[in-house]
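# Notes for the structure review
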Amino acid sequence: TARVFLKDASYYVKYALATYGFLLDTYMTLLSPSRIARYFLRNDFSCTNIAALLRQLDGRIKKQDLVHVSFENDGMRKPWFVAIDRTRRSVILSIRGSLSAVDVVTDLAFMDPKKISGSESLEPYAKEFDLCEDITRNGTVHYGILCSALSIAREIRDRNILRDAFRRVSED
């Protein structure tokens, strides 16, 4: 139902926001006097992105539940993480959207895949990631997001990140 969908969306949106790391955490702290007081009382002025990620999730996961975290952001690769949500026995993959000036490179890198030279056509990706033929034949894609997604997908596949995460969930 729509109510269940909205309840799930409100639960998982925290994971999406957590990928913004320290910058969003700082912004949210400035808007929340209770958070400022909590940081001051705990003497918690950590500026690391992982600490900020965990704070944004309000104790929903622990540091050991982070399977993989990357805050690399070079214009064609976005920050992302894989975590285990033990409450819902779920594996979470969260990829950050635009935040910085560097992200403008990705946002502006739009090309029609049909105009990309042979080595950049979608055909190799269809085989590599077992995409349906209709997508490669009829689809269009935002080139910057495609490059970022391919980079992340290859790292996940090559390092068995999701396989390891699902194994950890099934062991609980």
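Before any of the text, the structure's been laid out above.
Here's what I pulled together on the structure shown here. Values in this document were obtained by computation on a predicted structure and should not be read as measured data. (Residues numbered from 1 in each chain as written. Predicted model: local features only at pLDDT ≥ 70, side-chain atom pairs only at ≥ 80, totals over all residues. Heavy atoms only, no water.)

This part takes up the overall build of the chain. Per the secondary structure count, the chain includes 9 helices and 3 strands. A total of 172 residues make up the chain; the buried ones form 35% of that total. Nonlocal contacts in the chain, meaning residues at least 24 apart in sequence, comprise 60% of its contacts between residues at least 6 apart. Carbon and sulfur atoms form 60% of the exposed surface of the chain, whose accessible area is close to 10600 Å². (Helix = DSSP H or I, 4+ residues; strand = E, 2+ residues; numbered from the N terminus. Buried < 20%, exposed > 50% of the residue type's maximum accessible area, 1.4 Å probe, protein only. Contact = heavy atoms within 4.5 Å. Areas by Shrake-Rupley, 256 points an atom, 1.4 Å probe, with all protein chains shown as cover.)

This next bit is on the pairing of strand 3 (residues 90–95). Each regular strand displays side chains that alternate between the two surfaces of the sheet. Two elements, strand 2 (residues 80–85) and strand 3, share 6 bridges in a ladder whose sense is antiparallel. By the bridge assignment for strand 3, Ala83 is matched with Ile92. Count of turn residues in the strand 2/strand 3 antiparallel hairpin: 4 residues, of which Arg89 carries a positive phi of about 50°. (Pairing = 2+ DSSP bridges.)

Tallied over the full model, the rule gives 8 salt bridges. Between Arg157 and Glu128 there is a salt bridge whose closest N-O contact spans 2.9 Å. A residue pair is termed long-range when its members are at least 10 positions apart, and Arg157 in helix 8 (residues 143–158) and Glu128 in helix 6 (residues 123–129) qualify at 29 residues. Among the ionic pairs, Glu171 bridges to Arg167, the shortest N-O distance being 3.1 Å. Of the two residues, Glu171 and Arg167 both sit in helix 9 (residues 161–171), 4 residues apart, roughly one turn of that helix. When its relative accessible area of 54% is taken as the criterion, Glu171 is described as exposed. Judged by relative accessible area, which is 41%, Arg167 ranks as partly exposed. One continuous salt-bridge network, built from bridges that share partners, spans Glu128, Arg154, Arg157 and Asp158. (Salt bridge = Lys/Arg side-chain N within 4 Å of Asp/Glu carboxyl O.)

Next up on the list: the side chain of Glu155. Considering the arrangement of structural elements, one finds Glu155 in helix 8. Here the side chain of Glu155 touches Arg159 through a polar contact of 2.9 Å, side chain to side chain. (Polar contact = N/O pair within 3.5 Å; in protein donor to acceptor, adjacent residues only side chain to side chain.)

Turning our attention to the sheet that holds strand 2. Pairing within the open sheet is antiparallel, and its 3 strands lie in the order 1-2-3. The open sheet has two edge strands, strand 1 (66–70) and strand 3, and neither has a second partner. Between one strand axis and the next, the sheet turns by 15° as a mean value, whatever way the strands run. Sheet contacts for helix 1 (residues 2–18): strand 2 and strand 3; angle to strand 3, the most-contacted strand, approximately 45°. Across the sheet, helix 8 lies against strand 1, strand 2 and strand 3, angled at about 50° from strand 2, the strand it touches most. (Axes fitted to C-alpha atoms, helices over the stretch in contact; angles between N-to-C directions.)

Topologically, Gly21 is positioned in helix 2 (residues 21–31). Judged by relative accessible area, Gly21 falls into the buried class, the value being 0%. Taking the C-alpha atoms as reference, Gly21 lies 7.9 Å from Thr48; in sequence the two are 27 residues apart. Discounting residues that sit within four places of it in the chain, Gly21 has contacts with Asn49, Ala52 and Phe71.

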